[in-house]
Amino acid sequence: METEKLPIEDKRPFVKETNGMFHPPEELSRRGYIKGFAEYRRMYQESIERPEEFWGRQAEEHISWYRKWDKVLEWDFSRIGEIDAPFVQWFIGGKLNVSHNCLDRHLTTWRRNKAAIIWQGEDESQKRTLTYQQLHSEVNKFANVLRKHGIRKGDRVTIFMPMIPELPIAMLACTRIGAIHSVVFSAFSTQALTSRVQDSQSKAIITTDASFHGGRAVELKKKVDEALGDCPSVETVIVYKRAGVPIDMQPGRDFWWHEEMAAEDVKGFCEPEVMDAEDPLFILYTSGTTGKPKGIVHTTGGYLLHVTLSFKAIFDYKDEDIFWCSADIGWVTGHSYIVYGPLANGATSMMFESIPTFPEPDRFWKIIEDYKVNIFYTAPTALRALMRLGDDWPNKHDLTSLRVLGTVGEPINPEAWLWYHRTIGKERCVIVDTWWQTETGGVLITPLASAIPTKPGSASAPFFGVVPEVVRADGTPTEEDEAGSLVLTRPWPGMFRHMNNDVKNQLVKQVYFSTFPGKYYTGDACKVDEDGFLWLMGRNDDVINVSGHRLSTAEIEHALVGHHAVAEAAVVGFPHEVKGQGIYCYVTLRQ
Ligand code: PRX
């Protein structure tokens, strides 16, 4: 006999709406990490008026240091490109290790047995949970493997892996021994991989035989093999067997992950390398207005503090929560809000291997129901695509575990925002529309779930320490509701420190600090409304944002003219209903 499904009792308080503004429920503010707007204002004010005091206190509270810093901050935006000195330094003289902060320090608390990573494979039957203790043990072993292969502090390691737990294990192992990782998105081409390995001069590549993508196996090791002919810096390749497809293994160069991890001599503790706050942590390549992808370099202390505090304050993470960021770790969102921010907080971070529509369009909603996800962070493109498929898919699932919903990567149109609010959040979840960039390391403009009201389509207000300005082409401030360029006048801890192979910060100066001298130019258009809310309006430079992915028009043009039949090419973006922007390519062929 078929039993009738009882309606689910939804006990979550409603989000209150007044004149198009949505307020966090009082209970959420009362129980929140940041207890309402007044507390945000007070903290923000302090972060601007006395930044060294504010950030020094946050650094003591949120990060474990081997040695305390001598000075919180030094910066100079006006002399970039003139001298070979960093334009910003945080926590000067401070010593720490990122993997110690993400793992070891939780082992002496009850969190030792808490789930650090919950992984859902593409195949619904494939699931894994790693507690902090288990993750620690895997990371220590892999760090020992890397050391055994001669990887040392300052060496670069390219990680070309799909969304499996071994990806964060490899990243954390690098941070443990002070190696600088460069994660390359696993769907990238051989060419994209080659140029990134060459630019970073990586000594090793960590990869898999293949990845799963919407029911297909995509051969990754093959791409690595093709790239290696042009990448003489690479001495070692470590391959995790994910799909079991046949691959070539070159003796002396290529090693199986499972064999390396099973060796007797890699078992046990790996002493973390004591790193300077300003030592490089990772390189991540991103597209810009210049033709070649830029290797954005983030450092250790400031970055870790920024992602740790922002994760906690923006999403109002509670120890019992399950947090799910659906991004790929190949992008900065995954670095900061699947790996480092959540793990430094001792949070439970979900990882999903596949895509929202596989095997059916309710995969996201099914995962939320199955795992009782409390905080969900995704991209507007995904929401727009899923919204078009109708409400029946989400309505089939119990989504009452959700409390906070986030978006990132591109502007969210009010229609998609309201659908997220009504159909997914059932008008009871707070939405945080978070604005940031690869270069910023962590979120800079955003609501705080427990403290800042929202308006559909606006990223609300600056995060602690962030001073945004919207200016006209001549540098003068815009009026209310007048669109201009978004610039940032002060440094924040998660700010990138330089670009790989950029002598004297010449490129940094050209790209970020020459349009409005002395100020960081974001490349984004923005306006400020009567309530002081910030509205991000997309790029106003030669970068197009397709489904939240940054592409440079120059880079696409370069690829087109690289074809023997193409004489000239011009590329522009156009508004696209689902992807935000689409691409038009105009091509003149040779005779
Ligand atoms: O144009 C902005 C857009 O994404 C750009 C940064 O892209 P990327 O470095 O790939 O990092 C994406 C993930 C952090 C920005 O210059 N962008 C990002 N978030 C938002 C956004 N535009 C509007 N609203 C957002 N919330």
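Residues numbered from 1 in each chain as written. Predicted model: local features only at pLDDT ≥ 70, side-chain atom pairs only at ≥ 80, totals over all residues. Heavy atoms only, no water.

> Teacher, can you tell me more about the overall build of the protein chain here?
Helix and strand content of the protein chain: 17 helices and 33 strands. In terms of C-alpha radius of gyration, the protein chain reaches 23 Å, essentially the compact-globule figure of 25 Å for 591 residues. Oriented by its inertia axes, the alpha-carbon framework of the protein chain measures out at about 70 × 65 × 65 Å. By residue count, 59% of the 591 residues in the protein chain fall in the buried class. Pairs at least 24 residues apart make up 71% of the contacts formed inside the protein chain by residues separated by at least 6 positions. Surface accessibility of the protein chain: about 23400 Å² in total, with carbon and sulfur atoms responsible for 51%. (Helix = DSSP H or I, 4+ residues; strand = E, 2+ residues; numbered from the N terminus. Rg over C-alpha atoms; globule rule 2.2 N^0.38 Å. Buried < 20%, exposed > 50% of the residue type's maximum accessible area, 1.4 Å probe, protein only. Contact = heavy atoms within 4.5 Å. Areas by Shrake-Rupley, 256 points an atom, 1.4 Å probe, with all protein chains shown as cover.)

> Would you mind showing me how to read a nonpolar patch on the surface here?
Residues Val 572, Tyr 584 and Tyr 586 make up a contiguous nonpolar surface patch of about 320 Å² in total accessible area. A relative accessible area of 51% means that Tyr 586 is categorised as exposed. (Patch = residues over 30% accessible without salt bridge, like charges linked within 9 Å, V, L, I, M, F, W, Y side chains within 5 Å. Salt bridge = Lys/Arg side-chain N within 4 Å of Asp/Glu carboxyl O.)

> Please explain the site of the ligand as it appears in this structure.
Taken together, the neighbourhood of the ligand is formed by 17 residues, with Asp 433, Thr 434, Thr 438, Asp 524 and Arg 550 sitting nearest. For the ligand, a nitrogen atom lies 3.4 Å from a polar atom in the backbone of Pro 411. Here an oxygen atom of the ligand and a side-chain polar atom of Thr 438 are 2.6 Å apart. Surface burial for the ligand is 97%, taken as the share of its 540 Å² of free accessible area covered by protein chains. Counting only elements with at least two residues in the shell around the ligand, the list comes to α11 (332–344), β22 (430–434) and β29 (534–539). Classifying every residue of the shell around the ligand by side-chain character gives six nonpolar, six polar and five charged. (Near = heavy atom within 4 Å. Polar contact = N/O pair within 3.5 Å; in protein donor to acceptor, adjacent residues only side chain to side chain. Nonpolar A, V, L, I, M, F, W, Y, C, P; charged D, E, K, R; others polar.)

> Explanation requested: the sheet that holds strand β18 (residues 322–325) in the structure shown.
Sheet strands associate in pairs through backbone hydrogen bonding, adopting either a parallel or an antiparallel arrangement. Here we have seven strands laid out as an open sheet, ordered β7-β6-β19-β18-β20-β21-β22, and mixed in their pairing. Since the sheet does not close on itself, it has two edges, and those belong to β7 (127–131) and β22, each with one partner. Sheet twist, expressed as the mean angle between neighbouring strand axes with direction ignored, is 20°. As judged from the four bridges shared by strand β6 (residues 115–120) and strand β19 (residues 348–352), these two strands associate in the parallel manner. (Pairing = 2+ DSSP bridges. Axes fitted to C-alpha atoms, helices over the stretch in contact; angles between N-to-C directions.)

> I'm lost on the nonpolar core in this one. Help?
One finds Phe 142, Tyr 340 and Phe 464 to be the most contacted residues of the largest nonpolar core, which totals 153 residues. No other element matches helix α10 (residues 301–315), which puts nine residues into this core. Val 218, Val 224, Cys 231 and Val 234 belong to the second-largest nonpolar core, a separate cluster that totals 15 residues. (Core = buried A, V, L, I, M, F, W, Y, C linked by side-chain atoms within 4.5 Å.)

> Would you explain the sheet that holds strand β16 (residues 280–286) in this entry?
A sheet is described by the order of its strands in space; here eight strands give the open sequence β14-β13-β10-β8-β9-β16-β17-β27, paired in mixed fashion. Taken across any chain shown, the strands that pair with only one partner, and hence form the sheet edges, are β14 (254–256) and β27 (498–499). Sheet topology places strand β9 (residues 180–183) next to β16; two bridges connect them, and they run parallel. The residue bridging His 181 from the neighbouring strand is Phe 282, located in β16.

> Looking at this structure, how should I read the pattern of salt bridges?
Opposite charge on two side chains makes pairing possible when the charged atoms of those side chains draw close. Applying the stated rule across the entire model yields 43 salt bridges. With its nearest N and O atoms 3.1 Å apart, the salt bridge here joins Asp 10 to Arg 428. Highlighted residues: Asp 10 in the segment before β1 (16–18) and Arg 428 in the loop between α15 (414–424) and β22, separated in sequence by 418 residues. Since its relative accessible area comes to 22%, Asp 10 is described here as partly exposed. Note that Glu 138 and Lys 141 form a salt bridge whose closest N and O atoms lie 3.3 Å from each other. Residue Glu 138 and its partner Lys 141 are located together in helix α5 (residues 132–148), separated by three residues, close to a single helical turn. Among the residues examined, Lys 141 registers a relative accessible area of 18% and is labelled buried. Linked through salt bridges whose partners overlap, the residues forming this network are Lys 221, Asp 225, Arg 253 and Asp 254.

> Looking at this model, I keep getting lost on the pairing of strand β11 (residues 210–213). Mind explaining?
Taken together, the four bridges between β11 and strand β12 (residues 216–219) define a ladder with antiparallel strand orientation. The partner of Phe 212 across the bridge, within β12, is Ala 217. The turn joining β11 and β12, which pair antiparallel and follow one another in sequence, is formed by two residues; a positive phi near 55° is taken by Gly 214.

> Sorry if this is basic, but what is going on with the pairing of strand β17 (residues 294–299) here?
Put simply, side chains in a regular strand alternate between the two faces of the sheet. Within β17, six of the six residues are buried, which leaves it mostly tucked inside the rest of the structure. Burial along β17 is two-sided: Lys 294, Ile 296 and His 298 facing one way and Gly 295, Val 297 and Thr 299 facing the other are all buried. Of the pairings in the sheet, the one linking β16 to β17 comprises six bridges and is antiparallel in character. Opposite Tyr 285, over in β17, you have Gly 295 as the bridge partner. Strand direction decides the pairing type here: β17 and β27, joined by two bridges, are antiparallel. The residue of β27 that forms the bridge with Val 297 is His 498.

> Teacher, can you tell me more about unusual backbone geometry here?
Leaving glycine aside, a negative phi is the common case for residues, and trans is the common case for peptide bonds. Cis rather than trans, the peptide bond between Phe 358 and Pro 359 has omega equal to 0°. Note on placement: Pro 359 falls in the loop between β19 and α12 (363–371). Of note in the backbone geometry, Lys 426 takes a positive phi value of approximately 50° without being a glycine. Checked against the element boundaries, Lys 426 lands in the loop between α15 and β22. Classification of Lys 426 as partly exposed rests on a relative accessible area of 29%.

> Would you mind showing me how to read the packing of aromatic side chains here?
Each aromatic ring pair is described using two quantities: the centre-to-centre distance and the angle formed by the ring planes. Overall, the coordinates contain 49 aromatic pairs when judged by the stated rule. Aromatic pair Trp 55 and Trp 90: ring centres 6.1 Å apart, planes at 80°, arrangement edge-to-face. In this pair, Trp 55 is assigned in helix α3 (residues 51–62) and Trp 90 in strand β4 (residues 88–92), connecting sequence segments 35 residues apart. Consider the rings of Tyr 584 and Tyr 586, whose centres lie 6.4 Å apart with planes at 45°: the pair is tilted. Among the residues examined, Tyr 584 registers a relative accessible area of 43% and is labelled partly exposed. Members of the aromatic cluster, joined through ring pairs, are Phe 37, Tyr 40, Tyr 44, Phe 54, Trp 55, Trp 65, Trp 69, Trp 90, Phe 91, Phe 463 and Phe 464. Above the ring of Trp 119, the side-chain terminus of Arg 128 is found at 6.0 Å from the ring centroid. In this arrangement the basic side chain of Arg 428 is found over the ring face of Phe 14, its NZ or CZ atom lying 4.0 Å from the centre. (Phe/Tyr/Trp six-rings, centres within 6.5 Å; stacked < 30°, edge-to-face > 60°. Lys NZ or Arg CZ within 6 Å of the ring centre and 35° of its normal.)

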